[in-house]
Amino acid sequence: MNLKHWTEKLFRKPEDGAGSGEPPAAAGEPAPAVAPVEAPAAPAETPAAGPDLSWIGEDYRGEGGALDVDRFRTDYQNLLAEDTRRREAVADVPEDGEYDFSAPADLDLSSFALPEGMTIELMKDDEAMKPLFGDLGAFLKENNLPRSAGQQVAGLLTKYEAAKFSQAHKAATAEFATLGPNDAARDARVQRVARALETRLPEGQAKFLQSMCHSAEGVKALEALVMAPGSHAPGAAPQPAAVDPLQSRYPSNKPR
(Lines give C-alpha, C1' and ligand atoms only; values in the text may rest on other atoms or scores of the structure.)
Protein backbone atom coordinates (compact mmCIF):
# COMPACT_ATOMS: atom_id res chain seq x y z
CA MET A 1 0.00 0.00 0.00
CA ASN A 2 1.54 3.25 -1.10
CA LEU A 3 1.39 6.46 0.97
CA LYS A 4 -1.41 8.03 -1.11
CA HIS A 5 -3.67 5.05 -0.80
CA TRP A 6 -3.07 4.83 2.95
CA THR A 7 -3.85 8.50 3.45
CA GLU A 8 -7.09 8.32 1.51
CA LYS A 9 -8.13 5.28 3.50
CA LEU A 10 -7.41 7.03 6.80
CA PHE A 11 -9.42 10.13 5.94
CA ARG A 12 -12.30 8.68 3.96
CA LYS A 13 -15.82 9.81 4.73
CA PRO A 14 -17.57 8.68 7.93
CA GLU A 15 -20.15 6.69 6.04
CA ASP A 16 -17.32 4.41 4.89
CA GLY A 17 -16.94 3.33 8.53
CA ALA A 18 -13.53 4.76 9.35
CA GLY A 19 -11.73 8.05 9.59
CA SER A 20 -13.08 11.52 10.13
CA GLY A 21 -14.01 12.16 6.50
CA GLU A 22 -11.86 15.26 6.38
CA PRO A 23 -8.54 15.31 4.60
CA PRO A 24 -5.64 16.44 6.76
CA ALA A 25 -4.82 20.06 6.76
CA ALA A 26 -1.98 21.05 4.64
CA ALA A 27 1.28 21.60 6.39
CA GLY A 28 1.57 25.14 7.76
CA GLU A 29 -2.18 25.85 7.57
CA PRO A 30 -4.06 26.61 10.88
CA ALA A 31 -6.61 24.13 12.21
CA PRO A 32 -10.20 25.13 11.67
CA ALA A 33 -11.64 27.22 14.58
CA VAL A 34 -14.02 25.44 16.97
CA ALA A 35 -16.78 27.52 18.55
CA PRO A 36 -16.53 27.49 22.43
CA VAL A 37 -19.33 25.81 24.30
CA GLU A 38 -20.91 28.17 26.88
CA ALA A 39 -21.59 26.76 30.37
CA PRO A 40 -25.23 26.92 31.44
CA ALA A 41 -26.07 29.94 33.61
CA ALA A 42 -26.27 29.31 37.37
CA PRO A 43 -29.78 29.55 38.80
CA ALA A 44 -30.56 32.79 40.67
CA GLU A 45 -30.04 32.52 44.46
CA THR A 46 -33.10 32.82 46.67
CA PRO A 47 -32.68 35.71 49.15
CA ALA A 48 -32.08 34.47 52.71
CA ALA A 49 -34.99 34.98 55.09
CA GLY A 50 -34.43 37.64 57.81
CA PRO A 51 -34.29 36.74 61.52
CA ASP A 52 -37.54 35.93 63.28
CA LEU A 53 -38.35 39.02 65.37
CA SER A 54 -41.90 38.04 66.22
CA TRP A 55 -40.87 37.50 69.86
CA ILE A 56 -40.19 41.21 70.40
CA GLY A 57 -43.05 42.78 72.32
CA GLU A 58 -45.27 45.70 71.39
CA ASP A 59 -43.21 48.06 73.57
CA TYR A 60 -40.52 48.01 70.90
CA ARG A 61 -42.74 48.40 67.89
CA GLY A 62 -43.91 51.54 66.17
CA GLU A 63 -46.57 52.20 63.60
CA GLY A 64 -47.55 49.22 61.53
CA GLY A 65 -45.66 46.87 63.84
CA ALA A 66 -42.23 48.06 62.64
CA LEU A 67 -39.39 47.41 65.08
CA ASP A 68 -38.25 50.46 67.06
CA VAL A 69 -34.54 49.75 66.79
CA ASP A 70 -33.39 52.90 68.60
CA ARG A 71 -35.43 52.17 71.70
CA PHE A 72 -34.40 48.54 71.70
CA ARG A 73 -30.73 49.55 71.43
CA THR A 74 -31.00 52.02 74.31
CA ASP A 75 -32.64 49.54 76.65
CA TYR A 76 -30.21 46.81 75.70
CA GLN A 77 -27.22 49.05 76.42
CA ASN A 78 -28.71 49.97 79.79
CA LEU A 79 -29.18 46.29 80.54
CA LEU A 80 -25.53 45.58 79.71
CA ALA A 81 -24.39 48.44 81.95
CA GLU A 82 -26.49 47.14 84.84
CA ASP A 83 -25.18 43.62 84.34
CA THR A 84 -21.61 44.93 84.43
CA ARG A 85 -22.32 46.86 87.62
CA ARG A 86 -23.78 43.76 89.30
CA ARG A 87 -20.85 41.61 88.26
CA GLU A 88 -18.43 44.15 89.74
CA ALA A 89 -20.46 44.31 92.95
CA VAL A 90 -20.57 40.53 93.32
CA ALA A 91 -16.81 40.39 92.83
CA ASP A 92 -16.45 42.48 96.05
CA VAL A 93 -18.68 40.25 98.20
CA PRO A 94 -16.54 38.78 101.02
CA GLU A 95 -16.40 35.02 100.76
CA ASP A 96 -16.33 34.56 104.53
CA GLY A 97 -19.22 36.97 105.14
CA GLU A 98 -17.03 39.14 107.38
CA TYR A 99 -18.05 42.80 107.06
CA ASP A 100 -16.62 45.86 108.79
CA PHE A 101 -19.42 47.32 110.89
CA SER A 102 -17.51 50.42 111.95
CA ALA A 103 -19.42 53.64 111.32
CA PRO A 104 -17.98 55.78 108.50
CA ALA A 105 -15.44 58.34 109.71
CA ASP A 106 -17.35 61.17 108.01
CA LEU A 107 -20.74 60.23 109.50
CA ASP A 108 -22.60 63.46 110.33
CA LEU A 109 -24.77 63.42 113.48
CA SER A 110 -25.11 67.19 113.79
CA SER A 111 -28.83 67.06 113.02
CA PHE A 112 -29.50 65.15 116.26
CA ALA A 113 -29.91 66.85 119.64
CA LEU A 114 -27.14 65.07 121.53
CA PRO A 115 -25.24 66.28 124.59
CA GLU A 116 -22.03 68.07 123.73
CA GLY A 117 -19.12 65.71 123.20
CA MET A 118 -21.28 62.59 123.17
CA THR A 119 -20.33 59.82 120.75
CA ILE A 120 -22.30 56.73 119.79
CA GLU A 121 -20.47 53.43 119.36
CA LEU A 122 -22.11 50.24 118.19
CA MET A 123 -21.49 47.29 120.52
CA LYS A 124 -20.16 45.14 117.68
CA ASP A 125 -17.32 43.75 119.81
CA ASP A 126 -19.50 42.89 122.78
CA GLU A 127 -19.65 39.13 123.27
CA ALA A 128 -23.43 39.21 123.61
CA MET A 129 -23.80 41.24 120.39
CA LYS A 130 -21.31 39.38 118.18
CA PRO A 131 -23.85 36.72 117.08
CA LEU A 132 -26.24 39.46 115.99
CA PHE A 133 -23.62 41.15 113.83
CA GLY A 134 -22.63 37.73 112.49
CA ASP A 135 -26.22 37.17 111.34
CA LEU A 136 -26.23 40.62 109.79
CA GLY A 137 -23.06 39.79 107.83
CA ALA A 138 -24.59 36.52 106.60
CA PHE A 139 -27.66 38.44 105.42
CA LEU A 140 -25.53 40.90 103.46
CA LYS A 141 -23.56 38.06 101.83
CA GLU A 142 -26.71 36.15 100.86
CA ASN A 143 -27.93 39.25 99.04
CA ASN A 144 -24.58 39.70 97.24
CA LEU A 145 -23.87 43.07 98.83
CA PRO A 146 -20.30 44.38 98.51
CA ARG A 147 -17.85 44.75 101.37
CA SER A 148 -18.61 48.47 101.64
CA ALA A 149 -22.20 47.68 102.66
CA GLY A 150 -20.95 46.87 106.17
CA GLN A 151 -20.04 50.47 106.96
CA GLN A 152 -23.18 51.75 105.25
CA VAL A 153 -25.33 49.59 107.51
CA ALA A 154 -23.28 50.63 110.55
CA GLY A 155 -23.91 54.27 109.65
CA LEU A 156 -27.66 53.68 109.53
CA LEU A 157 -27.62 51.83 112.87
CA THR A 158 -25.62 54.67 114.44
CA LYS A 159 -28.13 57.22 113.17
CA TYR A 160 -30.94 55.08 114.57
CA GLU A 161 -29.33 55.06 118.00
CA ALA A 162 -28.66 58.81 117.76
CA ALA A 163 -32.28 59.53 116.86
CA LYS A 164 -33.54 57.35 119.72
CA PHE A 165 -31.25 58.97 122.29
CA SER A 166 -31.98 62.43 120.90
CA GLN A 167 -35.69 62.04 121.56
CA ALA A 168 -35.07 60.84 125.11
CA HIS A 169 -32.59 63.68 125.70
CA LYS A 170 -35.09 66.29 124.51
CA ALA A 171 -37.77 64.95 126.83
CA ALA A 172 -35.36 64.78 129.80
CA THR A 173 -34.12 68.32 129.14
CA ALA A 174 -37.66 69.69 129.08
CA GLU A 175 -38.50 67.82 132.27
CA PHE A 176 -35.30 68.90 134.01
CA ALA A 177 -36.17 72.53 133.32
CA THR A 178 -38.99 72.23 135.88
CA LEU A 179 -36.39 72.07 138.71
CA GLY A 180 -35.54 75.75 138.48
CA PRO A 181 -35.47 78.89 136.34
CA ASN A 182 -31.86 78.41 135.25
CA ASP A 183 -28.99 75.93 135.22
CA ALA A 184 -27.50 77.24 138.46
CA ALA A 185 -30.72 76.74 140.40
CA ARG A 186 -31.24 73.27 139.00
CA ASP A 187 -27.67 72.19 139.69
CA ALA A 188 -27.94 73.45 143.28
CA ARG A 189 -30.92 71.17 143.95
CA VAL A 190 -29.09 68.19 142.50
CA GLN A 191 -25.96 68.86 144.57
CA ARG A 192 -27.95 69.15 147.83
CA VAL A 193 -29.53 65.75 147.21
CA ALA A 194 -26.18 64.20 146.25
CA ARG A 195 -24.49 65.46 149.45
CA ALA A 196 -27.36 64.22 151.59
CA LEU A 197 -27.08 60.75 150.11
CA GLU A 198 -23.32 60.67 150.64
CA THR A 199 -23.68 61.47 154.33
CA ARG A 200 -26.37 58.87 154.99
CA LEU A 201 -25.42 55.88 152.87
CA PRO A 202 -22.37 53.80 151.98
CA GLU A 203 -20.60 54.89 148.81
CA GLY A 204 -22.07 52.22 146.55
CA GLN A 205 -25.65 52.84 147.62
CA ALA A 206 -25.20 56.60 147.40
CA LYS A 207 -23.89 56.41 143.85
CA PHE A 208 -26.77 54.16 142.82
CA LEU A 209 -29.37 56.64 144.06
CA GLN A 210 -27.44 59.61 142.68
CA SER A 211 -27.90 58.13 139.21
CA MET A 212 -31.58 58.95 139.63
CA CYS A 213 -30.68 62.64 139.64
CA HIS A 214 -30.49 62.62 135.84
CA SER A 215 -34.24 63.18 135.73
CA ALA A 216 -36.37 65.80 137.42
CA GLU A 217 -38.71 63.21 138.90
CA GLY A 218 -35.72 61.36 140.36
CA VAL A 219 -34.43 64.52 142.02
CA LYS A 220 -37.87 65.33 143.45
CA ALA A 221 -38.30 61.79 144.78
CA LEU A 222 -34.94 61.85 146.54
CA GLU A 223 -35.64 65.29 147.94
CA ALA A 224 -38.82 63.93 149.45
CA LEU A 225 -36.86 61.16 151.15
CA VAL A 226 -33.78 62.93 152.44
CA MET A 227 -34.71 66.61 152.54
CA ALA A 228 -38.25 66.45 153.90
CA PRO A 229 -39.16 68.42 157.07
CA GLY A 230 -38.26 66.44 160.16
CA SER A 231 -35.43 64.56 158.50
CA HIS A 232 -32.11 65.07 160.20
CA ALA A 233 -29.71 67.55 158.71
CA PRO A 234 -26.82 66.33 156.64
CA GLY A 235 -24.13 64.92 158.84
CA ALA A 236 -23.23 61.71 160.54
CA ALA A 237 -25.96 59.11 160.46
CA PRO A 238 -27.76 58.99 163.86
CA GLN A 239 -27.04 55.99 166.03
CA PRO A 240 -30.04 54.09 167.43
CA ALA A 241 -30.50 54.13 171.25
CA ALA A 242 -29.40 51.06 173.13
CA VAL A 243 -32.38 48.82 173.79
CA ASP A 244 -32.52 45.83 176.10
CA PRO A 245 -34.03 43.02 174.02
CA LEU A 246 -35.66 41.60 177.19
CA GLN A 247 -37.19 44.88 178.29
CA SER A 248 -40.64 44.05 176.88
CA ARG A 249 -40.82 40.99 179.09
CA TYR A 250 -40.11 42.90 182.28
CA PRO A 251 -42.23 46.08 182.24
CA SER A 252 -41.16 46.99 185.79
CA ASN A 253 -37.63 47.35 184.53
CA LYS A 254 -38.44 50.14 182.07
CA PRO A 255 -36.08 53.03 182.57
CA ARG A 256 -37.55 55.96 184.42
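**Q** Help me understand the overall build of the chain in this model?
**A** Helices and strands together make up the secondary structure of the chain, namely 7 helices and 0 strands. Counting from the amino terminus, the chain carries its helices and strands in the arrangement α-α-α-α-α-α-α. For the chain, long-range pairs separated by at least 24 residues make up 58% of all intrachain contacts whose partners lie at least 6 apart in sequence. Only carbon and sulfur atoms are counted for the fraction: they give 57% of the accessible area of the chain, which is about 20100 Å².

**Q** Could you clarify how one ought to interpret helix α3 (residues 130–142) in this entry?
**A** A rise of 1.5 Å per residue sets the reference length of α3, with its 13 residues, at 18 Å; its end C-alpha atoms lie 18 Å apart and thus fit the reference within 8%. Restricting attention to buried positions, one finds in α3 the residues F133, G137 and L140. Here the buried residues of α3 occupy an arc of 60° about the axis, which is enough to place them on one side. Of the exposed residues in α3, those oriented more than 90 degrees away from the buried face are D135 and E142. On its buried side, α3 packs onto α4 (149–176).

**Q** Would you explain the packing of α3 against α4 in this entry?
**A** Describing two packed helices takes the angle between their axes plus the distance from one axis to the other. Across the interface, α3 lies against α4 with an axial gap of 11 Å and an inter-helix angle of 130°. One way to sum up the angle between α3 and α4 is to call them oblique. Handedness of the crossing formed by α3 with α4: right-handed. In contact with F133, L136 and L140 of α3, α4 contributes A149, G150, V153 and L157.

**Q** Explain the nonpolar core to me, please; I cannot follow it from the model alone.
**A** One broad rule of soluble globular proteins: the nonpolar side chains tend to lie buried together. Listed in full, the 12 residues of the largest apolar core are F176, L179, V190, V193, A196, L197, A206, C213, A216, V219, L222 and V226. Secondary-structure elements contributing two or more residues to this core are α5 (183–200) and α7 (216–226).

**Q** Looking at this structure, how should I read the pattern of salt bridges?
**A** Side chains that carry opposite charge are capable of pairing whenever their charged atoms lie near each other. The final tally for this structure, using the stated rule, is 9 salt bridges. For the salt bridge of E82 with R86, the shortest nitrogen-to-oxygen distance reads 3.2 Å. Remark: R86 and E82 occur in helix α2 (residues 69–91); sequence separation between them is 4 residues, near one turn of the helix. Connected through salt bridges with shared partners, the residues E82, R85 and R86 form a single ionic network.

**Q** Would you take a moment to explain the packing of aromatic side chains for this structure?
**A** What characterises a pair of aromatic rings is the spacing of the ring centres plus the angle enclosed by the ring planes. With the rule as written, the count across this model stands at 4 aromatic pairs. Judged by centre distance (6.4 Å) and plane angle (40°), the rings of Y99 and F101 are tilted. Grouping residues by exposure puts Y99 and F101 together as buried. Ring geometry for F101 versus F133: centroids 5.4 Å apart, planes at 50°, classification tilted. Residue F101 is found in the loop between α2 and α3, and its partner F133 is found in helix α3; the two are separated by 32 residues along the sequence. Each of the two residues, F101 as well as F133, counts as buried. A connected cluster of aromatic rings, assembled from ring pairs, spans W55, Y60 and F72.

**Q** It is not clear to me how the packing of α5 against α7 should be interpreted in this structure. Could you clarify?
**A** Running from N to C, α5 and α7 point in directions that differ by 50°, and their axes come no closer than 10 Å. Comparing their axes, α7 and α5 come out oblique. The element α5 and its partner α7 pack so that their crossing is left-handed. Counted together, R189, V190, V193, A196, L197 and R200 of α5 and V219, K220, L222, E223 and V226 of α7 form the full contact between these two elements. Split by residue class, the contact of α5 with α7 holds 7 nonpolar, no polar and 4 charged.

What counts, and at which threshold
Residues numbered from 1 in each chain as written. Predicted model: local features only at pLDDT ≥ 70, side-chain atom pairs only at ≥ 80, totals over all residues. Heavy atoms only, no water. Helix = DSSP H or I, 4+ residues; strand = E, 2+ residues; numbered from the N terminus. Contact = heavy atoms within 4.5 Å. Areas by Shrake-Rupley, 256 points an atom, 1.4 Å probe, with all protein chains shown as cover. Expected span 1.5 Å × (residues − 1). Buried < 20%, exposed > 50% of the residue type's maximum accessible area, 1.4 Å probe, protein only. Arc of directions from axis to C-beta. Axes fitted to C-alpha atoms, helices over the stretch in contact; angles between N-to-C directions. Parallel < 35°, antiparallel > 145°, perpendicular 65-115°, else oblique. Left-handed = near helix turned anticlockwise from the far one by under 90°. Core = buried A, V, L, I, M, F, W, Y, C linked by side-chain atoms within 4.5 Å. Salt bridge = Lys/Arg side-chain N within 4 Å of Asp/Glu carboxyl O. Phe/Tyr/Trp six-rings, centres within 6.5 Å; stacked < 30°, edge-to-face > 60°. Nonpolar A, V, L, I, M, F, W, Y, C, P; charged D, E, K, R; others polar.

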